[in-house]
Structure formats: structure tokens, C-alpha cells
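Inside the fold
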Amino acid sequence: ENRDNFRRCFLDMGHVLVELPFFKDITKSVMCDVLESCLVHDWGYSFLFEFGLCLQRGDESESEIDSQVAQLIVAEFSHFKEVLTMVWNEETSQKPAEDTVRGIKGRRHKDESMEELHIKRDDLLESFEVFDAQYKKLLGEYISPDADMKVLTQKTVAMANAFKPLNCDSGWSEEVKRQLPYILAGV
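1. Some points on the layout of surface pockets
The computed volume of the largest pocket comes to approximately 1,000 Å³. In terms of lining residues, the largest pocket is bounded by 29 residues, among which Lys120, Asp123, Leu124, Ser127 and Lys177 are the most central. Listed by contribution, the elements that provide at least two residues to the lining of the largest pocket are helix 6 (97–102), helix 7 (121–142) and helix 9 (174–186). Considering only residue class, the lining of the largest pocket consists of 16 nonpolar, five polar and eight charged.

2. Quick look at the pairing of strand 2 (residues 113–117)
Bridge analysis of strand 1 (residues 106–110) against strand 2 gives five bridges, and the strand direction is antiparallel. Residue pairing for strand 2: Arg108 is matched across the bridge by Glu115.

3. Digging into the pattern of salt bridges
Counted according to the given criterion, the structure contains eight salt bridges. Across the salt bridge formed by Arg3 and Glu50, the nearest N and O atoms sit 3.2 Å from each other. Note that Arg3 is positioned in helix 1 (residues 2–19) and Glu50 in helix 3 (residues 44–57), a separation of 47 residues in sequence. Residues Arg178 and Glu175 are paired through a salt bridge, measuring 2.8 Å at the closest nitrogen-oxygen approach. You can see Arg178 and its partner Glu175 sitting in helix 9, three residues apart, about one turn around the helix. The partly exposed category is assigned to Glu175, whose relative accessible area is 33%. Through salt bridges with shared partners, a single network forms among Arg8, Asp12 and Asp66.

4. A closer look at a nonpolar patch on the surface
Residues Leu20, Phe22, Phe23, Ile26 and Val30 make up a contiguous nonpolar surface patch of about 530 Å² in total accessible area. Locating Ile26 in the fold gives a position in helix 2 (residues 24–39). Judged by its relative accessible area of 54%, Ile26 is exposed.

Parameters and conventions
Residues numbered from 1 in each chain as written. Predicted model: local features only at pLDDT ≥ 70, side-chain atom pairs only at ≥ 80, totals over all residues. Heavy atoms only, no water. 1 Å grid on protein atoms, 1.4 Å probe; cavity = no way out; pocket = protein on both sides within 12 Å on 5 of 7 lines; lining within 4 Å. Points joined across faces, edges and corners; volume = space filled by probe spheres on them. Helix = DSSP H or I, 4+ residues; strand = E, 2+ residues; numbered from the N terminus. Nonpolar A, V, L, I, M, F, W, Y, C, P; charged D, E, K, R; others polar. Pairing = 2+ DSSP bridges. Salt bridge = Lys/Arg side-chain N within 4 Å of Asp/Glu carboxyl O. Buried < 20%, exposed > 50% of the residue type's maximum accessible area, 1.4 Å probe, protein only. Patch = residues over 30% accessible without salt bridge, like charges linked within 9 Å, V, L, I, M, F, W, Y side chains within 5 Å. Areas by Shrake-Rupley, 256 points an atom, 1.4 Å probe, with all protein chains shown as cover.

If you want it as C-alpha cells, here you go:
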């Protein structure tokens, strides 16, 4: 509820920024101060990243004008630079995960012939969703200027090391398959 109230209040300030040029400078300064005040907290970078994504992607219940103001806010403040980069990357280089998974064909070489492999598409999509959520969470941690990259990378290394030695010939356990999206997001 508080996030919704924060979003609504920030959108209202965005309307002042856009619609009342006389107050633009002071409104932008206040909005910048609000964003900066978030960054002094441990949760600040992650919160602003998620908030920026929420503004950029919009809400089905908001008006077209609210949607335009939200996108202008994301473009106007450098606090959302990583959001713009990620959204641009998604829009230009990534087709929907469902389309990719639908196109996967599994085959195994057996002697001189090929046999079809059953692909668990629902499991793959679920793993992608876990990866995507973890990636966004970690991105919020990594973009903090005072983030200790060594500590953050050690978390991923520790996760991966837990599965050593890994024998691919015997197949991967269900636990390895469950952890793989987290490891890949960390990488």
C-alpha cells in the first residue's frame, strides 16, 4: 500500500513538473531530493530500480497521461539510468521467453541415430521467471556505488561450489536444477 501511495504522490509531482513550467525547477529539485533520500538506506538502490521499472512499464489502471508522465520521470532522472538501459536491452534484443522455449527441440545422439528428447517447457519457463526475478534483485544490489563486489560475487561462487564435483554424465539432480537460475543470475 505504501508503495502505491509513493507512486501516486511521485506521479502527482511529475504532473506538476510537466504541466506547470513555472514550478519545474523547484519540483524537479524536490523530486531529486526524495530519490536521493532513498539512496541513503540499504534498500534504496533496489527500491529505486524496482520503482523505476514500475513507472516505465506502467499500470493498466492508470490513464494514458499518467503513463506518459511516469515514462518522462524515468527519462528525466539519472536515478533510473539502469532501468532505461535494461528496458532498452529487453525491447531490442530479447524475444519473449515463451517463444524461445516453444522453439527448443531436444535430440540425443544414440549410436548412429537421433532420438527425440522430451523438453519440460513449463519447468524451463518457471526457471526463467526465477532467474529474471533474481537478476533484477541482484542488479539493485550491484548498482549501489558502495557495493562490495567481492562479497556479492562470493555469494554466487559459494552457491556454485556447493555442487562440486558435478558429474554431467549422470544428469543433474533436482536441487542443482532449482539452484541453476540463481547461479546464472549471479553470474
